[in-house]
There are 2 protein chains.
Amino acid sequence: MKTIGILGGMGPLATADLFRKIVVCTPANCDNDHIRVYIDSNARIPDRTAALLNGGPDPVPEMLSALRNLEKCGADCIIMPCNTAHAFLPDLQAETDIPILNMLQITAEACAARYPGKLAAVLATSGTIQTGLYARALDTAGVSFLEPDEAEQKEVMRLIYDVVKPWRPIPPEKAAWVSLLDSLRARGADYFILGCTELPVLAGILAVEGPFVDPTDELAHAAIRFCGLTPLKS
Amino acid sequence: MKTIGILGGMGPLATADLFRKIVVCTPANCDNDHIRVYIDSNARIPDRTAALLNGGPDPVPEMLSALRNLEKCGADCIIMPCNTAHAFLPDLQAETDIPILNMLQITAEACAARYPGKLAAVLATSGTIQTGLYARALDTAGVSFLEPDEAEQKEVMRLIYDVVKPWRPIPPEKAAWVSLLDSLRARGADYFILGCTELPVLAGILAVEGPFVDPTDELAHAAIRFCGLTPLKS
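Let me sum up the structure you'll find in this document. (Residues numbered from 1 in each chain as written. Chains lettered and ligands numbered in written order. Predicted model: local features only at pLDDT ≥ 70, side-chain atom pairs only at ≥ 80, totals over all residues. Heavy atoms only, no water.)

Next up on the list: the interface of chain A and chain B. Counting residues at the interface gives 44 residues for chain A, matched by 44 residues for chain B. Regarding the contact of chain A and chain B, the summed buried area is about 3,400 Å², with carbon and sulfur atoms giving 48% of it. Considering only the side of chain A, the residues that lose the most area to chain B are Phe19(A), Asp31(A) and Arg36(A), jointly responsible for 20% of the buried surface there. Taken together, the links from chain A to chain B amount to 8 salt bridges. Put simply, Asp40(B) and Arg36(A) hold a salt bridge, and the shortest N to O gap is 2.7 Å. Our count for the chain A to chain B interface comes out at 20 residue pairs in polar contact (both at pLDDT 80 or more). Sorting the residues of the side of chain A that touches chain B by element identifies helix 1 (12-25), strand 2 (37-41) and helix 3 (60-73) of chain A as the ones contributing at least two each. Per element, the largest residue contribution to the side of chain A that touches chain B is 8 residues, and it comes from helix 1 of chain A. Looking at side-chain class alone, the side of chain A that touches chain B contains 21 nonpolar, 11 polar and 12 charged residues. (Contact = heavy atoms within 4.5 Å. Buried area = accessible area lost by both parts, 1.4 Å probe. Salt bridge = Lys/Arg side-chain N within 4 Å of Asp/Glu carboxyl O. Polar contact = N/O pair within 3.5 Å; in protein donor to acceptor, adjacent residues only side chain to side chain. Helix = DSSP H or I, 4+ residues; strand = E, 2+ residues; numbered from the N terminus. Nonpolar A, V, L, I, M, F, W, Y, C, P; charged D, E, K, R; others polar.)

Below is the structure:
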């Protein structure tokens, strides 16, 4: 059976979330039915949004360091549990023959299939939003979408950087999360793309209604299919 | 900062559990505060209990394959989220200079410190029990313990192999889990060592009272300490 390489650490909790989703969505009755998965959770990769928008250090060298490790292990495909990191996917793909599955493209296709004619709200880092990463993927798939306004985007970034990444107590954030979703719903959103891999972690714990499209889940399923298996529902 | 290598896949869900515990127990405010973690979740490793008790295929070659990958990545220590696999720790340690942290020894020391004078019940695979892996570690640490009787051991193995490994619906198992713990409590157990890495996964979901000692948690903490950080409580 083919194997999966996870170029992770962006952030580590999102990497753990992706790995767990691969495991529970793999049809398996015992250890040996599972897919071999290699992970480099490289916590040294500089922040992607800071690099894209604020002149922060280039993340590509440390991403390449992880990519080389996954190559050495023998990964048959590479997946990256960080939406913003996909801004650098072309640079990485140019460096390796191993296919890197594109989470944003996979997610956009899932949106088109699951919610035809509906309006998506894209919740993502400012790096992902301002570089138009999701906009391009959704346009290509023919998916209508709206992006957060300035105040909403500030709240999305707070939840990602001040709540999930430092893993501070989550329950007090339920009201903030509901209010953010309500605000986007009032502007016409029919469903929400959890377009930063820290957000499915938050959404999973807060358990409020979406509906949500979870790119981590879509990527897990795509990787399982790449390995020739039919994924189970999460 | 030092790095951690996880020799995993025994089983994959337990590997995901250990990785997540390392992440949430690491004191970190952003991605870059975390520890770099390499994982080979090698689903090809043959069953450890089958090898130890029933003449099943030797797991060491596939364990070594994962160990070599972790060496290539540059891991500074190795941890194995499988108690039964520790029967093969001496064979693996003889093959590498990278220290392999011993989950059973770490757990036994935690028991001695946390529950002095109390009686532990050891919940583990038949491979772990019959090779005396925990018995030796607990004796060395001066921890009193009892092991499941034949019927209880059969139930432990059913929960590990028929419930957690194939990840079947868990809620119906709550009564079975409570009954197993009650049975051991009636024989004098003051607390429970979740001495198979599938069991903390089950215990975490069923959320019944222990008290429990979770070797996966103890191993996560020991690995974080190895890297020079003070672990947070789970």
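That covers the picture; the talk isn't over yet.
With that settled, the discussion passes to the sheet that holds strand 7 (residues 212-213) of chain B. Residue and element names in this part refer to chain B. The 4 strands are arranged 5-4-6-7 in an open sheet whose pairing can be described as parallel. The outermost strands of the open sheet, each flanked by one partner alone, are strand 5 (144-146) and strand 7. Pairing geometry for strand 4 (residues 119-123) and strand 6 (residues 191-194), over 4 bridges, is parallel. Considered in strand 6, the bridge of Ala120 is made with Tyr191. (Pairing = 2+ DSSP bridges.)

Attention now moves to the relation of the copies chain A and chain B. Mapping one chain copy onto the other needs a rotation about an axis and a shift along that axis. Mapping chain A onto chain B calls for a screw motion: a turn of 180 degrees about the axis and a shift of 0.0 Å along it, with 0.0 Å RMSD after fitting. What we have between these two chains is a two-fold relation. For chain A, the smallest separation between a C-alpha atom and the rotation axis is recorded for Ile39(A), amounting to 2.4 Å. Most of the interface of chain A is mirrored in chain B: 100% of its interface residues are interface residues there too. (Least-squares fit on C-alpha atoms with pLDDT ≥ 70 in both.)

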